[in-house]
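# Remarks on the overall topology
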Amino acid sequence: MHPLFEVGDIFRRHSHHLDDLTENMWQCRTLQALYDCRTPALGGHIDRCSNPDCNHLHISYNSCRNRHCPKCQGNKREEWIRAREDELLNVPYYHLVFTLPSELNLLTLHHKKAMYDLLFKVGWQVVQWFAKNPKFMGAKTGMIAILHTWGQNLSFHPHLHCIIPGGGVAGSGKWKLAKAQDKFLFPVKMVSKVFRAKMVESLRQTKKIQVSQSVAKHLFSTDWVVYFKRPFFGPQQVVEYLGRYTHKVAISNHRLKNVENGKVTFVGKDYRQGGKKHLITLSEEEFIRRFALHILPKGFVRIRHYGILSSSLKKRIIPVLQEKLGKVILPERPPLLHRPCSACKTGQLVTILTFDSRGPPRNWQHIAQHIAATA
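A brief look at the structure comes next. Everything quoted here is computed from the prediction, not taken from an experiment.

## So, the overall build of the protein
Tallying secondary structure elements over the protein gives 12 helices and 13 strands in all. The principal-axis extent of the C-alpha atoms belonging to the protein is close to 70 × 55 × 40 Å. Relative to its full complement of 375 residues, the protein shows a buried share of 48%. Nonlocal contacts in the protein, meaning residues at least 24 apart in sequence, comprise 70% of its contacts between residues at least 6 apart. Summed over its atoms, the accessible surface of the protein is roughly 19900 Å², and 52% of this surface lies on carbon and sulfur atoms.

## Structural notes on a positive patch on the surface
Positive charge collects at one region of the surface, where Arg244, Lys248, Lys257, Lys269 and Lys277 lie side by side. Turning to its location among the elements, Lys277 is positioned in strand β11 (residues 276-283).

## Brief notes about the nonpolar core
Soluble, globular proteins show a tendency: their nonpolar side chains are buried together. Counting 49 residues, the largest nonpolar core has Phe98, Phe186, Phe195 and Leu203 as its most contacted members. Of all the secondary structure elements, the ones that give two or more residues to this core are β3 (93-99), α6 (112-132), β4 (142-150), β5 (156-165), α7 (188-205), α8 (213-220) and β8 (226-229). Looking at which element gives the most residues to this core, the answer is α6, with 12 residues. Contacts of Phe195, omitting those with residues within four sequence positions, involve Phe98, Thr99, Leu100, Leu119, Val122, Val126, Trp224 and Val226. Grouped together as the second largest cluster of nonpolar side chains are 28 residues, Trp150, Leu154, Val259 and Phe287 included.

## Some remarks on the sheet that holds β8
Sheet architecture is open: 5 strands sit in the order β8-β3-β5-β4-β12, paired in antiparallel fashion. In the strand order of this sheet, the two ends are held by β8 and β12 (303-307), each with one partner. Across the sheet, the mean angle from the axis of one strand to that of its neighbour is 20°, orientation sign disregarded. Across 4 bridges, β3 lies against β8 in antiparallel orientation. Bridging across to β8, Leu96 finds its partner in Phe228.

## With respect to the environment of Pro3
Within the fold, Pro3 resides in the segment before α1 (7-13). The exposure class of Pro3 is buried, given its relative accessible area of 15%. When the C-alpha atoms of Pro3 and Ser252 are compared, they prove to be 9.4 Å apart, with 249 residues separating the residues in sequence. When neighbours within four sequence positions are excluded, Pro3 is seen to be in contact with Asn253 and His254.

## Quick look at the pattern of salt bridges
Overall, the coordinates contain 14 salt bridges when judged by the stated rule. Measuring nitrogen to oxygen at the nearest pair gives 2.9 Å for the salt bridge that ties Glu87 to Arg84. For Arg84, a relative accessible area of 12% translates into the label buried. The closest approach of N and O atoms between Arg358 and Asp356, which form a salt bridge, is 2.8 Å. Via salt bridges that share partners, Arg84, Glu87 and Lys314 belong to a single interconnected network.

## Remarks on empty space enclosed by the protein
Regions of empty space are outlined by a rolling probe, equal in size to a water molecule, passed over the atoms. Under the defined criterion, the tally for this structure stands at 3 cavities of 30 Å³ or more. Here the largest cavity defines a volume of roughly 90 Å³. Every residue lining the largest cavity is listed: Arg84, Glu87, Leu88, Tyr93, Ile144, Ile163, Val238, Leu242 and Leu309. Classifying every residue of the lining of the largest cavity gives 7 nonpolar, no polar and 2 charged.

## Focus: the sheet that holds strand β13 (residues 349-355)
In a beta sheet, neighbouring strands are held together by backbone hydrogen bonds and run either parallel or antiparallel to one another. The strand order across the open sheet built from 3 strands is β2-β1-β13, with neighbouring strands paired in antiparallel fashion. The open sheet has two free edges, formed respectively by β2 (57-61) and β13, since each of these has just one partner strand. Taken pair by pair, the neighbouring strands of this sheet meet at an average axis angle of 30°, ignoring direction.

## A closer look at the state of the cysteines
Under the defined criterion, the tally for this structure stands at 0 disulfides. Cys341 forms no disulfide, and the closest cysteine sulfur to it belongs to Cys49, at a distance of 3.8 Å.

## A closer look at unusual backbone geometry
Phi at Arg38 is positive, roughly 55°, even though this residue is not glycine. Structurally, Arg38 is set in the loop between α3 (25-36) and β1 (44-49). Classification of Arg38 as partly exposed rests on a relative accessible area of 43%. For Lys345, which is not glycine, the phi dihedral falls at a positive 70°. Position of Lys345 relative to the elements: it lies in the loop between α11 (314-325) and β13.

Here is what the cut-offs are and how they apply
Residues numbered from 1 in each chain as written. Predicted model: local features only at pLDDT ≥ 70, side-chain atom pairs only at ≥ 80, totals over all residues. Heavy atoms only, no water. Helix = DSSP H or I, 4+ residues; strand = E, 2+ residues; numbered from the N terminus. Buried < 20%, exposed > 50% of the residue type's maximum accessible area, 1.4 Å probe, protein only. Contact = heavy atoms within 4.5 Å. Areas by Shrake-Rupley, 256 points an atom, 1.4 Å probe, with all protein chains shown as cover. Patch = residues over 30% accessible without salt bridge, like charges linked within 9 Å, V, L, I, M, F, W, Y side chains within 5 Å. Salt bridge = Lys/Arg side-chain N within 4 Å of Asp/Glu carboxyl O. Lys, Arg positive; Asp, Glu negative; His and termini not counted. Charge placed at Lys NZ, Arg CZ, Asp CG, Glu CD. Core = buried A, V, L, I, M, F, W, Y, C linked by side-chain atoms within 4.5 Å. Pairing = 2+ DSSP bridges. Axes fitted to C-alpha atoms, helices over the stretch in contact; angles between N-to-C directions. 1 Å grid on protein atoms, 1.4 Å probe; cavity = no way out; pocket = protein on both sides within 12 Å on 5 of 7 lines; lining within 4 Å. Points joined across faces, edges and corners; volume = space filled by probe spheres on them. Nonpolar A, V, L, I, M, F, W, Y, C, P; charged D, E, K, R; others polar. Disulfide = S-S within 2.5 Å.

Below, the structure is given as structure tokens:
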């Protein structure tokens, strides 16, 4: 179902002063890409359905392919998920969330790349530290980490979602299951304290970020939020989770409920009330300012793989473990169509004619039919 409102329309209305609502030109250019997405500004293409019983002609405008765009994540997400399905192990998986305290928000906003890199680095150090401990696992494990920076009201809320297999490779090369007997892979309170200690120590040692003694002392007096969810019930649930989180953006078009009189109303969840949904209203300028907070630094990698799941090891280790532990059998899924035909739902769209921002030729239907007939 097509959404009634789109975030790109809000950005377009304020295109003349986006530089006043953003921190830098990179953010401004990103917002421009989002409001140009699938509009004549980016040019387009004419496609024909590959299904011989359909042969329907479609005219489409090009997408921006920006990772912050609500309209451009579907195919990327599906491709990524299917690649991860082939790497699943037949073991329990756990979900761990590391959250930076709000006291570090200002520092993080001024040093986004350095702070985000540090969050990834320390998160993996903590997982490694506990995994190597014989009390909890005594093995080398792996982790997939995904950075999110937003709360439900678009506030700045940097946190790391981590997927960790419930075991690892021991020194003998054999698979060793974690000793967790309940919903926690490792003791939550202990993980929180180790995360805080390692993060503060790393902040002190990072030259790009200056943290005073008083700030460090205050951080130690604050409880740091580490959240464990219950183990996934099976590999299928892991895949569904990854589908929801990997290519998520700050807000989807479907969450927008009303845009009028210079205000934006969207739906959000209040997790302090059990995830109850409620409406949030912001001025358009504040909505843009908050959205821009979540635009990642240029070239920043927001999904990272560690340990036995890292790109350098998994090609060698995963097939061996799958043979030992048993291959994960998932329900058969239809072939991935990059651009399915909206008319017949079975054919794939094949581009037969492209055009620039000046638009398609006036007689594009006749030209397209001629190309299709002679192809």
